[in-house]
Amino acid sequence: MNLESLKNYIDLTRLHFFFVWPLLFCSGLIFSFQSYGAVSNWVILKAALIAFFGFEAGFVLNDYVDRDVDKMDVDDHLTKYWRPFGVRPLPIQAISLDNARTLFLILAGAASLLILTLPYPNSVWVLGIMSYSYLIERFYQIKKRNQTFPLAQLIGRTDFALFPVAGYLVNGRFDWNILSYLLFFYPYTQAHLGLNDIIDTVNDQARGLSTIPVLYGEKNTKLWISASTLIHLLLLAFFLIKINGVYTWGFMLGSGFLLVSNILVWRGNNTEEWVRALPFFHISLLLYTLSIILPYFLN
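Overview of the structure. (Residues numbered from 1 in each chain as written. Predicted model: local features only at pLDDT ≥ 70, side-chain atom pairs only at ≥ 80, totals over all residues. Heavy atoms only, no water.)

**Describing the overall build of the chain**
So, point 1. Within the chain, the regular secondary structure consists of 17 helices and zero strands.
So, point 2. Here the C-alpha atoms of the chain give a radius of gyration of 19 Å, agreeing with the 19 Å that 2.2 N^0.38 yields for 299 residues.
So, point 3. Its C-alpha atoms give the chain principal-axis dimensions of roughly 50 × 45 × 35 Å.
So, point 4. Buried positions account for 56% of the 299 residues belonging to the chain.
So, point 5. For the chain, restricting intrachain contacts to residue pairs at least 6 apart in sequence, the fraction spanning at least 24 positions comes to 77%.
So, point 6. If you sum the accessible surface of the chain, you get close to 13,000 Å²; carbon and sulfur atoms cover 67% of it.
So, point 7. Computed over 21 positive and 20 negative side-chain charges, the inter-centroid distance for the chain is 5 Å. (Helix = DSSP H or I, 4+ residues; strand = E, 2+ residues; numbered from the N terminus. Rg over C-alpha atoms; globule rule 2.2 N^0.38 Å. Buried < 20%, exposed > 50% of the residue type's maximum accessible area, 1.4 Å probe, protein only. Contact = heavy atoms within 4.5 Å. Areas by Shrake-Rupley, 256 points an atom, 1.4 Å probe, with all protein chains shown as cover. Lys, Arg positive; Asp, Glu negative; His and termini not counted. Charge placed at Lys NZ, Arg CZ, Asp CG, Glu CD.)

**Structural notes on the packing of helix α4 (residues 41–65) against helix α6 (residues 97–115)**
So, point 1. Contact geometry of α4 with α6 gives a least axis separation of 8 Å together with a crossing angle of 155°. Between α4 and α6, the interaxial angle falls into the category roughly antiparallel. The chirality of how α4 crosses α6 is left-handed. Taking contact as the criterion, the partners of Lys 46, Leu 49, Ile 50, Phe 53, Gly 54, Glu 56, Ala 57, Val 60, Leu 61 and Tyr 64 in α4 are, on α6, Leu 97, Ala 100, Arg 101, Leu 103, Phe 104, Leu 107, Ala 108, Ala 110, Ala 111, Leu 114 and Ile 115.
So, point 2. In terms of residue class, the contact of α4 with α6 is made up of 17 nonpolar, one polar and three charged. (Axes fitted to C-alpha atoms, helices over the stretch in contact; angles between N-to-C directions. Parallel < 35°, antiparallel > 145°, perpendicular 65-115°, else oblique. Left-handed = near helix turned anticlockwise from the far one by under 90°. Nonpolar A, V, L, I, M, F, W, Y, C, P; charged D, E, K, R; others polar.)

**Concerning the packing of aromatic side chains**
So, point 1. For the structure on display, the rule yields 35 aromatic pairs.
So, point 2. A centroid spacing of 5.5 Å and a plane angle of 80° characterise the contact between Phe 31 and Phe 239, whose relative ring orientation is edge-to-face. One end of the pair, Phe 31, is in helix α2 (residues 20–31); the other, Phe 239, is in helix α14 (residues 218–242), and 208 residues separate them in sequence. Side by side, Phe 31 and Phe 239 carry an identical accessibility label, which is buried.
So, point 3. Geometrically, the ring pair formed by Tyr 36 and Tyr 168 is edge-to-face, given 6.1 Å between the ring centres and 85° between the ring planes. Linking Tyr 36 in helix α3 (residues 33–36) with Tyr 168 in helix α10 (residues 163–169), this pair joins segments that are 132 residues apart in sequence.
So, point 4. Over the aromatic face of Tyr 64 sits the side chain of Arg 67, whose NZ or CZ is 4.3 Å from the ring centroid.
So, point 5. The ring of Tyr 140 is capped by Arg 157, whose NZ or CZ atom sits 4.5 Å from the centre of that ring. (Phe/Tyr/Trp six-rings, centres within 6.5 Å; stacked < 30°, edge-to-face > 60°. Lys NZ or Arg CZ within 6 Å of the ring centre and 35° of its normal.)

**Thoughts on α14**
Because each turn of an α-helix spans 3.6 residues, side chains separated by three or four positions in sequence point in the same direction.
So, point 1. Helix length check: α14 (25 residues) gives 36 Å between terminal C-alpha atoms against 36 Å at 1.5 Å per residue, within 8%.
So, point 2. At Leu 236, α14 shows its strongest bend, of approximately 30°.
So, point 3. What α14 keeps buried is the set Thr 221, Lys 222, Trp 224, Ile 225, Ser 228, Thr 229, His 232, Leu 236 and Phe 239. (Expected span 1.5 Å × (residues − 1). Bend = angle between axes of the 7 residues up to and from the residue.)

**A word on the nonpolar core**
So, point 1. Counting 80 residues, the largest nonpolar core has Trp 21, Phe 25, Tyr 181, Phe 185 and Leu 195 as its most contacted members.
So, point 2. A per-element tally of this core places α4 first, with 13 residues.
So, point 3. Once residues lying within four places of it in the same chain are set aside, the contact partners of Phe 185 are Leu 24, Phe 160, Ala 161, Pro 164 and Leu 285.
So, point 4. With five residues, the next largest nonpolar core counts Tyr 140, Ala 152, Ile 212 and Trp 224 among its residues. (Core = buried A, V, L, I, M, F, W, Y, C linked by side-chain atoms within 4.5 Å.)

**Let's talk about the pattern of salt bridges**
So, point 1. Under the definition given, this model contains 17 salt bridges.
So, point 2. Here Arg 88 and Asp 73 are joined by a salt bridge, their closest N and O atoms 2.9 Å apart. Placement of Arg 88 in the loop between α5 (77–82) and α6 and of Asp 73 in the loop between α4 and α5 is noted, with a sequence separation of 15 residues between them.
So, point 3. The exposure class of Arg 88 is buried, given its relative accessible area of 12%.
So, point 4. For Asp 73, a relative accessible area of 22% corresponds to the partly exposed category.
So, point 5. Here Arg 157 makes a salt bridge to Glu 137, at a shortest N to O gap of 2.9 Å. Taken together, the positions of Arg 157 in the loop between α8 (151–156) and α9 (158–161) and Glu 137 in helix α7 (residues 122–143) put the pair 20 residues apart, joining distant regions of the chain. Accessibility classification places Arg 157 together with Glu 137 in one group, the buried group.
So, point 6. Ionic contacts of the salt-bridge type, sharing partners, join the residues Asp 70, Asp 73, Arg 88, Asp 200, Asp 204 and Arg 207 into one network. (Salt bridge = Lys/Arg side-chain N within 4 Å of Asp/Glu carboxyl O.)

**Digging into the environment of Asn 262**
So, point 1. Tracing the backbone shows Asn 262 in helix α15 (residues 248–267).
So, point 2. Taking the C-alpha atoms as reference points, Asn 262 and Leu 107, 155 residues apart in sequence, are found 35 Å from one another.

Listed below in structure tokens is the structure:
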């Protein structure tokens, strides 16, 4: 594999964000410790690998399903943010479809094999969530091509919201604790989706996709982002009641970054200005996950 091929695969898998998905998944796992007891560091490492392989497979699937509509892109701001070398390799055939399918199967297969080493019934639950997530990702990509109500967005982002739930179920069971995490995190995923959509408005119009800005306009998309953020922050109080031994200040700081992001969205008037809000969203997620994980290792 030459350097250009390597760069294309890095763009396909958004590899520069590789550390985020294991942190999100393992935040759910470590949350389970307060009710079900801790697991070995080997199991934590195994969970991190499941998250890495599983989420990277999802990125490949995303680009594979959207390979034709992505040919219609006219703006590269979001592409350059999510892909370090600024290329969508499948539409330009820098990576063949056969190779993309093979990579997806390798990544999803590696995650599945690791999941099957988990005890029953945890392995079934985690594998079920992974399978559901791939199916719902495809539903999201297809449904948003033809809709008058944002069903694709409301249902499609349950895959992201269930990611820490799957981490919890590596060790735990379905209970009120993990429901509180899901309720807290789902509005975040909707705000995050709205921000990505408003940044990519020009492309979505060119592709003929029914995203939030295309359906409801710029102002209402900003309201979507802020309303989802508000619900998310209100449910934070409920979540913090359920979880023990975390850095509460980390959640407060993360909430502050979310508010900064919302301010930038409202002040912005174009793609270049809105994309500046996206890192603040991701910093908030990083702070949330580290506020759960670090106390376990440091205290």
